[in-house]
There are 2 protein chains.
Amino acid sequence: MTNTDEIRRGESAVTWSGATDAGLVYVGRIGTPWFDTRDCPRHGRLDGQLCRIEVFDTWVPALRDLADGALLEILYWLHRSRRDVLLQSPRDDGTTRSVFSIRSPLRPNPIATSIVRLEKREDAVLFVRGLDCLDGTPLLDIKPDRTDFVPLAPPKAADFQVGDA
Amino acid sequence: MTNTDEIRRGESAVTWSGATDAGLVYVGRIGTPWFDTRDCPRHGRLDGQLCRIEVFDTWVPALRDLADGALLEILYWLHRSRRDVLLQSPRDDGTTRSVFSIRSPLRPNPIATSIVRLEKREDAVLFVRGLDCLDGTPLLDIKPDRTDFVPLAPPKAADFQVGDA
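Residues numbered from 1 in each chain as written. Chains lettered and ligands numbered in written order. Predicted model: local features only at pLDDT ≥ 70, side-chain atom pairs only at ≥ 80, totals over all residues. Heavy atoms only, no water.

## Re the overall build of chain A
Here is step 1 of the chain: Along chain A, the regular secondary structure elements total zero helices and ten strands.
Here is step 2 of the chain: Secondary structure of chain A in N-to-C order comes out as β-β-β-β-β-β-β-β-β-β.
Here is step 3 of the chain: If one aligns the C-alpha atoms of chain A with their principal axes, the spans along those axes are about 50 × 50 × 30 Å.
Here is step 4 of the chain: Residue burial in chain A is summarised as follows: out of 165 residues, 55% are buried.
Here is step 5 of the chain: Sequence separation of at least 24 residues holds for 78% of the intrachain contacts in chain A that already meet a minimum separation of 6.
Here is step 6 of the chain: Counting only carbon and sulfur atoms, one obtains 48% of the accessible surface of chain A, whose full area is about 7,300 Å².
Here is step 7 of the chain: Here chain A holds 22 positive side-chain charges and 25 negative ones, and the gap between their average locations is 3 Å. (Helix = DSSP H or I, 4+ residues; strand = E, 2+ residues; numbered from the N terminus. Buried < 20%, exposed > 50% of the residue type's maximum accessible area, 1.4 Å probe, protein only. Contact = heavy atoms within 4.5 Å. Areas by Shrake-Rupley, 256 points an atom, 1.4 Å probe, with all protein chains shown as cover. Lys, Arg positive; Asp, Glu negative; His and termini not counted. Charge placed at Lys NZ, Arg CZ, Asp CG, Glu CD.)

Shown next as structure tokens:
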């Protein structure tokens, strides 16, 4: 856990040991035009700046079927975020919001999700628009956007279960 | 890494040491009506079965501002998934798809994302519809859905940067 930000007025944090329950592997690295968190946009936009997702050699075969133009969901690790904050003050005005009610980068598991458009792929590099993160951010996952994807596996009974009252 | 599934015809996997780069903390546990991965739906639906998200005591204050009816993005850890597969055969027919082009639970970082509707909250428990996972799945994060959220922090210059050619 890296604490790059001081606690603001009204905010609260847990005392946390840093012990973890499961491990992540970085599968690539993201290149963006933003070199300081203060310069990053608050969220990505599909008509935003072109960014590079460089996938590490091991995982390049997992890119095989990505088509230019696809909408992708990108998961990445906000490695500079503190993880112990429960209540945050986004406006730094003494009023607070609980962490699970906002999309702040500061959270117990600082995993960001963004929807991007794949402009083109060159071998291990994806050129995309829609990101919002620091240059050098570790990549965790690439998925087709849920609105753009139909499962290939055969249908299952539970697919059709609608809710009880 | 737990390998609960055998490699199918045509599939390929990496040889991977199991070494990891960052650590996750489980912030809760998900209760669902599905006790075997074979019974889980292929993806969640907002009119689907009612499920319970139980948040661990430490993180309950982070739920404070969640309103009934909200659309939430839930991140959870598919703890039973093998993580070494590059090409998968969802239909088990010898044809394959690369992992980053499908939303299979088997991936290097088996983090699932689903959009759910919060039906109601009772203290540390959220009752939601939209999940697809095994009973007992570890919870990683809760965020407001991106389509339902406007950042509270002041606007920044990069919010308005649109792309180069």
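## Topic: the packing of aromatic side chains
Here is step 1 of the chain: Applying the stated criterion across every chain yields a total of two aromatic pairs over all chains.
Here is step 2 of the chain: Each ring, one from Trp 16 of chain A and one from Trp 59 of chain B, has its centre 6.4 Å from the other, and the planes form 75°; the classification is edge-to-face. Residue Trp 16 of chain A is located in the loop between strand S1 (12–13) and strand S2 (22–24), and its partner Trp 59 of chain B is located in the loop between strand S4 (50–55) and strand S5 (71–77); the two belong to separate chains. In this structure, Trp 16 of chain A and Trp 59 of chain B share a single accessibility class: buried.
Here is step 3 of the chain: Taking the ring centre of Phe 127 of chain A as reference, the NZ or CZ of Lys 120 of chain A above it sits at 5.0 Å. (Phe/Tyr/Trp six-rings, centres within 6.5 Å; stacked < 30°, edge-to-face > 60°. Lys NZ or Arg CZ within 6 Å of the ring centre and 35° of its normal.)

## As for the relation of the copies chain A and chain B
Here is step 1 of the chain: In screw terms, the move from chain A to chain B is a rotation of 180° and a rise of 0.0 Å along the axis, fitting with an RMSD of 0.0 Å. The symmetry that links the two subunits is that of a two-fold axis. Scanning chain A for the C-alpha nearest the rotation axis identifies Gly 23 of chain A, at a separation of 2.3 Å.
Here is step 2 of the chain: Most of the interface of chain A is mirrored in chain B, where 100% of its interface residues are also at the interface. (Least-squares fit on C-alpha atoms with pLDDT ≥ 70 in both.)

## Comments concerning the interface of chain A and chain B
By a widely used convention, the size of an interface equals the accessible area lost when the partners come together.
Here is step 1 of the chain: With 80 residues of chain A at the contact, the number on the chain B side is 80 residues.
Here is step 2 of the chain: Between chain A and chain B lies a buried interface of about 7,600 Å² when both sides are counted; carbon and sulfur atoms form 56% of it.
Here is step 3 of the chain: Contact with chain B buries area across many residues of chain A, yet Arg 42, Phe 100 and Arg 103 of chain A alone supply 12% of it, more than any other trio.
Here is step 4 of the chain: One can count eight salt bridges joining chain A with chain B.
Here is step 5 of the chain: Of the charged contacts in the structure, one is a salt bridge between Asp 159 of chain B and Arg 42 of chain A, with a shortest N-O distance of 2.6 Å.
Here is step 6 of the chain: Scanning the region where chain A abuts chain B turns up 56 residue pairs in polar contact (both at pLDDT 80 or more).
Here is step 7 of the chain: Listed by contribution, the elements that provide at least two residues to the side of chain A that touches chain B are S2, strand S4 (50–55), strand S5 (71–77), strand S6 (85–88), strand S7 (97–98), strand S8 (111–122) and strand S10 (137–144) of chain A.
Here is step 8 of the chain: In terms of residue class, the side of chain A that touches chain B is made up of 43 nonpolar, 15 polar and 22 charged.
Here is step 9 of the chain: Pairing geometry for S2 of chain A and strand S2 (residues 22–24) of chain B, over three bridges, is antiparallel. By the bridge assignment for S2 of chain B, Leu 24 of chain A is matched with Ala 22 of chain B. (Buried area = accessible area lost by both parts, 1.4 Å probe. Salt bridge = Lys/Arg side-chain N within 4 Å of Asp/Glu carboxyl O. Polar contact = N/O pair within 3.5 Å; in protein donor to acceptor, adjacent residues only side chain to side chain. Nonpolar A, V, L, I, M, F, W, Y, C, P; charged D, E, K, R; others polar. Pairing = 2+ DSSP bridges.)

## Focus on the nonpolar core
Here is step 1 of the chain: Among the nonpolar cores identified, the biggest contains 38 residues, and Ile 74 and Ile 142 of chain A are the most heavily contacted of them.
Here is step 2 of the chain: Not counting residues up to four positions away in its chain, the partners in contact with Ile 74 of chain A are Ile 30, Ile 53, Ala 112, Thr 113, Ser 114, Val 116, Leu 131, Leu 139, Asp 141 and Ile 142 of chain A.
Here is step 3 of the chain: Counting residues in each nonpolar core, the second largest holds 36 residues, with Leu 106 of chain A together with Ala 62, Tyr 76 and Ile 142 of chain B among its members. (Core = buried A, V, L, I, M, F, W, Y, C linked by side-chain atoms within 4.5 Å.)

## Quick notes on unusual backbone geometry
Here is step 1 of the chain: The phi dihedral of Asp 123 of chain A falls on the positive side, at around 55°, and the residue is not glycine.
Here is step 2 of the chain: Among the secondary structure elements, Asp 123 of chain A is positioned in the loop between S8 and strand S9 (125–129).

## Some words on the pairing of S8 of chain A
Residue and element names in this part refer to chain A.
Here is step 1 of the chain: Examined bridge by bridge, S5 and S8 share seven bridges and lie antiparallel to one another. In the strand pairing of S8, Leu 72 is matched with Val 116.
Here is step 2 of the chain: Here five bridges tie S8 to S9, and the two strands are oriented antiparallel to one another. By the bridge assignment for S9, Arg 121 is matched with Leu 126.

## Details of the state of the cysteines
By definition, a disulfide is the covalent link that joins the sulfur atoms of two cysteine residues.
Here is step 1 of the chain: By the definition in use, this model includes zero disulfides over all chains.
Here is step 2 of the chain: Here Cys 133 of chain A is not cross-linked by a disulfide; its sulfur's nearest cysteine counterpart is in Cys 51 of chain A, at 6.7 Å. (Disulfide = S-S within 2.5 Å.)

## A few points about the side chain of Thr 137 of chain B
Residue and element names in this part refer to chain B.
Here is step 1 of the chain: Within the secondary structure layout, Thr 137 lies in strand S10 (residues 137–144).
Here is step 2 of the chain: Judged by relative accessible area, which is 2%, Thr 137 ranks as buried.
Here is step 3 of the chain: A distance of 2.6 Å separates a polar side-chain atom of Thr 137 from the backbone oxygen of Leu 134.
Here is step 4 of the chain: In contact with Thr 137, not counting residues within four places along its chain, are Gly 28, Arg 29, Ile 30, Tyr 76, Trp 77 and His 79.

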